[in-house]
Amino acid sequence: HYSFFPGRPIWPANRRDLTYAFAPENPLSDEVKGVFARAFARWAAVTPFTFSAIDSFRTADIRIGFYAGDHGDGEPFDGVMGTLAHAFSPPSGHFHLDGDESWVVSGDLRSAPVTAIDLESVAVHEIGHLLGLGHSSVEESIMFPTITSRMRKVDLASDDVLGIQELY
Ligand code: TQI
Ligand code: ZN
Ligand code: ZN
């Protein structure tokens, strides 16, 4: 079953068209940007939200960056494996990914390195957190707190949809 953050924080009712931007210090390929666009689209399909990429990192609602190790928010990343990414509860919009991971953007996960992590799977999970979902006890759920290397799980389960539709 789905859960929420303590105090049930959500994006306020006048914030449904959210913008996102990538940290200017690590330019990303269009392919990587496309992965995030697809991940946002999965949530947009079942919520009142729209998500648009903009150039201005400073003014975007959701700010996405890849960082290695200590990156100034008190939650340092830990190198390969371990913590992969973190996102903060609404309406913070901070979405950080561990720059030391072997992120897989496309292609065959079976031929990827043993430590490869599917970027879209992690992005869909973290966007759930950005919107206010905590972890779920349902194994099929995107918000179930287990991901293994070379695993791909990108489709929202009915538990994820019920949870987000209770919030919005
Ligand atoms: N990052 C954790 C996560 O996103 C950070 C975290 C731990 C967290 N407890 C939390 C965030 C409670 C919000 C609320 O869950 S992670 C998974 C999963 C991670 C973990 O790098 O460990 C995924 C990133 F769910 F599989 F464990 C992506 Cl999909
Ligand atoms: Zn961080
Ligand atoms: Zn999580």
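Here, every reference points to the structure presented above.
Bear in mind that the values here come from a model prediction, so they are computed numbers and not experimental data.

**Let's talk about the coordination of the zinc ion (ligand 3)**
Then, in step 1: For the zinc ion (ligand 3), every protein donor is listed as His125 (NE2), His129 (NE2) and His135 (NE2), and the spread of their distances is 2.0 Å.
Then, in step 2: For the zinc ion (ligand 3), the single-chain donor residues occur in sequence as H-x3-H-x5-H. With histidine 125 and histidine 129 both in helix 2 (residues 119-131) and four residues apart, the pair spans about one turn of that helix. As far as the burial class goes, histidine 125 and histidine 129 line up, both buried.

**A few points about the pairing of strand 2 (residues 50-53)**
Then, in step 1: Relative to strand 2, strand 1 (residues 17-22) is paired through four bridges, and the arrangement is parallel. Its bridge partner lying in strand 2, tyrosine 20 is registered against alanine 53.
Then, in step 2: The handedness of the strand 1 to strand 2 crossover, carried by helix 1 (residues 30-44), is right-handed.

**What about the nonpolar core?**
Then, in step 1: Counting 36 residues, the largest nonpolar core has Phe36, Trp43, Ile62, Leu97 and Leu131 as its most contacted members.
Then, in step 2: Counting residues per element, the ones that place at least two in this core are strand 1, helix 1, strand 3 (62-67), strand 4 (85-87), strand 5 (94-98), helix 2 and helix 3 (158-167).
Then, in step 3: The element contributing the most residues to this core is helix 2, with seven residues.
Then, in step 4: Here phenylalanine 36 is in contact with Phe22, Ile64, Phe66, Phe95, Leu97, Leu119 and Ala123, once residues within four sequence places are set aside.

**Description of the side chain of lysine 153**
Then, in step 1: In this structure, lysine 153 sits in the loop between helix 2 and helix 3.
Then, in step 2: Within the buried set, lysine 153 has no salt-bridge partner at all; the shortest N-O distance to an opposite charge, 6.9 Å, is to glutamate 139.
Then, in step 3: A polar contact is formed between the side chain of lysine 153 and the backbone oxygen of glutamate 139, at a distance of 2.8 Å.
Then, in step 4: In terms of polar contacts, lysine 153 uses its side chain to reach the backbone carbonyl oxygen of serine 141, at 2.8 Å.
Then, in step 5: Those residues within four positions of lysine 153 in sequence are excluded, and the remaining contacts are Ser121, Glu139, Glu140, Ser141, Ile142 and Phe144.

What counts, and at which threshold
Residues take numbers from 1 onward in each chain, read along the sequence in its written order. Following the order in which they are written, the chains are lettered starting with A and the ligands numbered starting with 1. Reporting of local features is limited, given that this is a predicted model, to residues whose pLDDT is at least 70; pairs of side-chain atoms are given and counted only at 80 or more, and all residues count toward the totals for whole chains, interfaces and linings. Each side-chain value is worked out from all heavy atoms of the structure, with water and hydrogens disregarded. Note that water is not among the atoms considered, so a metal site may appear incomplete; the donors listed are N, O and S atoms within 2.8 Å of the metal, with 3.2 Å applied to Na, K and Ca. What counts as a helix is a DSSP run of H or I of at least four residues, what counts as a strand is a run of E of at least two, and both are numbered from the N terminus. The classification of residues rests on relative accessible area computed with a 1.4 Å probe and restricted to protein chains. Under 20% of the type maximum is buried, over 50% is exposed, and intermediate values are partly exposed. The criterion for strand pairing is that DSSP finds at least two bridges linking the strands in question. Every crossover in which the path from the first strand over the helix to the second runs clockwise, viewed with the strands pointing away from the viewer, is termed right-handed. For the purposes of this section, nonpolar cores are sets of buried Ala, Val, Leu, Ile, Met, Phe, Trp, Tyr and Cys residues that join through side-chain atoms within 4.5 Å. Any two residues whose heavy atoms approach within 4.5 Å at even a single point are treated as in contact. In this tally, Lys and Arg are treated as positive and Asp and Glu as negative; His is ignored, and so are the chain termini. Criterion for a salt bridge: a side-chain nitrogen of Lys or Arg within 4 Å of a carboxyl oxygen of Asp or Glu. Residues adjacent in sequence count toward polar contacts only when both atoms are side-chain atoms; beyond that, a polar contact is any pair of N or O atoms within 3.5 Å, and within protein one must be able to donate a hydrogen and the other to accept it.

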